Amino acid sequence: MLTVIIPVLNEEKTIGNVVRFCQQFQLVTEIIVVDDKSEDNTVKIAEEAGARVIISQVRGKGISMKDGIAKATNEFIIFLDGDIDPYPEGTITNLAAPLLADEADFVKGSFARNAGRVTELVAKPLLNIFYPGLSHFSQPLSGMIAGKKSYFKKIDFFNDYGVDIGILIDMYLMKARVTEVNIGYIENKSKPWQALGKMSKEVSRAIISKAQLQQPEEISEEEIHSLETINREMNKTLREKLSGFHKMAIFDMDDTILQGRFIDACATAFGFTAKLEDLRAREKDPIILTKRIGSFLKGRTMDELLHVASQIEMVSDIKEVVKELKNQGYIIGIISNSYTLITNFVRQKIGADFSYANQLEFFEGKVTGEINLPSYFFGSPESVCGHSYCKTNALQYACEKYNVPMQACIAVGDSRDDRCMVGHAGKGVSFCTKDELLETIASTNIRESSFQSLLALA
């Protein structure tokens, strides 16, 4: 009777309970989890909980929703978020009721929490301008929705933060019967302030682009003035909130947070130590070296790689020091030449805020041998160091994203790859290094396996 579709990305902590929650309702005959190439155990946990799992080949919520709809066998579909636990008991019943009673074709879920900042500052004002018939919705950006498959199939989904408002507008334009129901109280994760600029831009683009398709004539002078006011108020709010983010501590991962190097541990576990040492001796180009090393992991599964990472001891006081630095107002990040699968694993273990690293390519749960080098490692005309490929470029990217001056950063590393980053940070720290030049460049040298002295430096 009902299909529940749950788009997910790295939701191993909650997805099992969400699936089990859906299974309580007899009317739910199908649960589809659409995984957006998670780098944790989301897929395994969802399958063990009893869901049918689909792996989306392109990242983005809109694509995941479309993939789920294509596989659904029921006409009535409910979308839930995978990161909410617990859901109110009435969530599925309340969302489904208007469909089952043939009172609506599309149902928008609201919940007992103040509307989000982008909703109040951007979405509602824009709806008032372009779609006043939708301005009464209390939470137009809510991702908890239900509707008929026949209607969903007609929608051109946005693949970013604009997806939920785009669905609401399309349903309205198709003259679907649209209603909003309250599903109870939800502890929904708010977006961090530094993500709101991107979110507001994509929500704005979705609303305006839909309006321009319906009204291709030029926007009036009054509407332009209103748009400028909305943009100005959002930027003002963001500046006020982000002004408090003024300190950052960046850690290298291998031989810094971890008491060993991940790729070396893999070489031991999978038997390619000799090949790795030979490649390092011959290849001096860092980009080619990174690409070639990645090929040694071809065919390995996420579980195998995460098991290797879990066997590497961390510096014993890293969690304690990270917690205290965050109490002092520091944003904590990891910048590594390793892989996001592993840096995100470590980030979650120590409580860091973000991690930047290279990206292993996976297909059907196994490494293809290809490595994607993210753009934040590459130089630009604004780069401070002049290197075409460098951790300093990633550090600069993080500073711009989190509104932190580079001089307010602590950077901690152990090897020659960290020299530039440590040198450009306001406070550069070498950690148990064997690189004499790094020690010379660093303003502080830590020679024992403990991060406690960082607290005095901070």
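Read on for a plain summary of the structure.

Cut-offs applied
Residues numbered from 1 in each chain as written. Predicted model: local features only at pLDDT ≥ 70, side-chain atom pairs only at ≥ 80, totals over all residues. Heavy atoms only, no water. Helix = DSSP H or I, 4+ residues; strand = E, 2+ residues; numbered from the N terminus. Buried < 20%, exposed > 50% of the residue type's maximum accessible area, 1.4 Å probe, protein only. Salt bridge = Lys/Arg side-chain N within 4 Å of Asp/Glu carboxyl O. 1 Å grid on protein atoms, 1.4 Å probe; cavity = no way out; pocket = protein on both sides within 12 Å on 5 of 7 lines; lining within 4 Å. Points joined across faces, edges and corners; volume = space filled by probe spheres on them. Nonpolar A, V, L, I, M, F, W, Y, C, P; charged D, E, K, R; others polar. Contact = heavy atoms within 4.5 Å. Pairing = 2+ DSSP bridges. Axes fitted to C-alpha atoms, helices over the stretch in contact; angles between N-to-C directions. Patch = residues over 30% accessible without salt bridge, like charges linked within 9 Å, V, L, I, M, F, W, Y side chains within 5 Å. Areas by Shrake-Rupley, 256 points an atom, 1.4 Å probe, with all protein chains shown as cover.

## Considering unusual backbone geometry
Glycine aside, residues mostly have negative phi, and peptide bonds are mostly found in the trans state.
For step 1, the next point in the chain: For the peptide bond that leads from Asp85 to Pro86, omega is 5°, which places it in the cis range.
For step 2, the next point in the chain: With respect to the helices, strands and loops of the structure, Pro86 is situated in the loop between strand 4 (76-79) and helix 4 (91-100).
For step 3, the next point in the chain: Positive phi values are uncommon outside glycine, yet Cys432 reaches one of about 45°.
For step 4, the next point in the chain: You can see Cys432 is positioned in the loop between strand 13 (427-431) and helix 19 (436-441).
For step 5, the next point in the chain: Among the residues examined, Cys432 registers a relative accessible area of 33% and is labelled partly exposed.

## Remarks on the pattern of salt bridges
For step 1, the next point in the chain: This model, assessed by the stated rule, comprises 18 salt bridges.
For step 2, the next point in the chain: A salt bridge links Asp102 to Lys148; its shortest N-O distance comes to 3.7 Å. Here Asp102, found in the loop between helix 4 and strand 5 (106-110), pairs with Lys148, found in strand 6 (residues 145-148); they are 46 residues apart in sequence, far enough to count as distant.
For step 3, the next point in the chain: The class for Asp102 is partly exposed, based on a relative accessible area of 46%.
For step 4, the next point in the chain: Because the salt bridges share partners, they merge into one network encompassing Asp102, Asp105, Lys148 and Arg177.

## Looking at the environment of Leu168
For step 1, the next point in the chain: Mapped onto the fold, Leu168 is located in helix 7 (residues 163-173).
For step 2, the next point in the chain: The sequence separation of Leu168 and Val178 amounts to 10 residues, and the corresponding C-alpha distance is 8.3 Å.

## Regarding empty space enclosed by the protein
For step 1, the next point in the chain: For the structure on display, the rule yields 1 cavity of 30 Å³ or more.
For step 2, the next point in the chain: The space that makes up the largest cavity amounts to roughly 60 Å³.
For step 3, the next point in the chain: For the largest cavity, the full set of lining residues is Asp252, Asp254, Arg261, Ser336, Asn337, Ser338, Lys391, Asp414, Ser415 and Asp417.
For step 4, the next point in the chain: Per-element tally for the lining of the largest cavity: the top contributor is strand 9 (residues 330-339), with 3 residues.
For step 5, the next point in the chain: The residue inventory of the lining of the largest cavity, partitioned by class, reads no nonpolar, 4 polar and 6 charged.

## Focus on the side chain of Asn344
For step 1, the next point in the chain: Secondary-structure assignment places Asn344 in helix 16 (residues 340-350).
For step 2, the next point in the chain: Look at Asn344 and you get buried, because its relative accessible area is 16%.
For step 3, the next point in the chain: Excluding anything up to four places from it in sequence, Asn344 contacts Glu39 and Ser355.

## A short note on the pairing of strand 9
The two faces of a sheet get side chains in turn, since along a regular strand they alternate between them.
For step 1, the next point in the chain: Burial analysis of strand 9 places 9 of its 10 residues in the buried class, which makes it a mostly covered element.
For step 2, the next point in the chain: Pairing of strand 8 (residues 247-251) with strand 9, which is carried by 5 bridges, proceeds in the parallel orientation. Residue Ala249 lies in a different strand from strand 9, and its bridge partner there is Ile332.
For step 3, the next point in the chain: Inspection of the sheet shows strand 9 paired to strand 10 (residues 354-363) by 4 bridges, in the parallel sense.

## Notes on the sheet that holds strand 3 (residues 52-55)
For step 1, the next point in the chain: Pairing in this open sheet of 7 strands is mixed, and the strands run 3-2-1-4-6-5-7 from one edge to the other. The two strands at the open ends of the sheet, each matched to only one other strand, are strand 3 and strand 7 (178-182). On average, adjacent strands in this sheet sit at an angle of 20° to one another, irrespective of strand direction.
For step 2, the next point in the chain: Of the strands in this sheet, strand 1 (2-8) and strand 2 (28-35) touch helix 1 (residues 15-22), which is tilted by about 170° from strand 1.

## Some words on a nonpolar patch on the surface
For step 1, the next point in the chain: Judged by side-chain polarity, Met1, Leu27 and Leu100 come together as a nonpolar surface patch covering roughly 260 Å² of accessible area.
For step 2, the next point in the chain: Relative to the assigned elements, Leu100 resides in helix 4.

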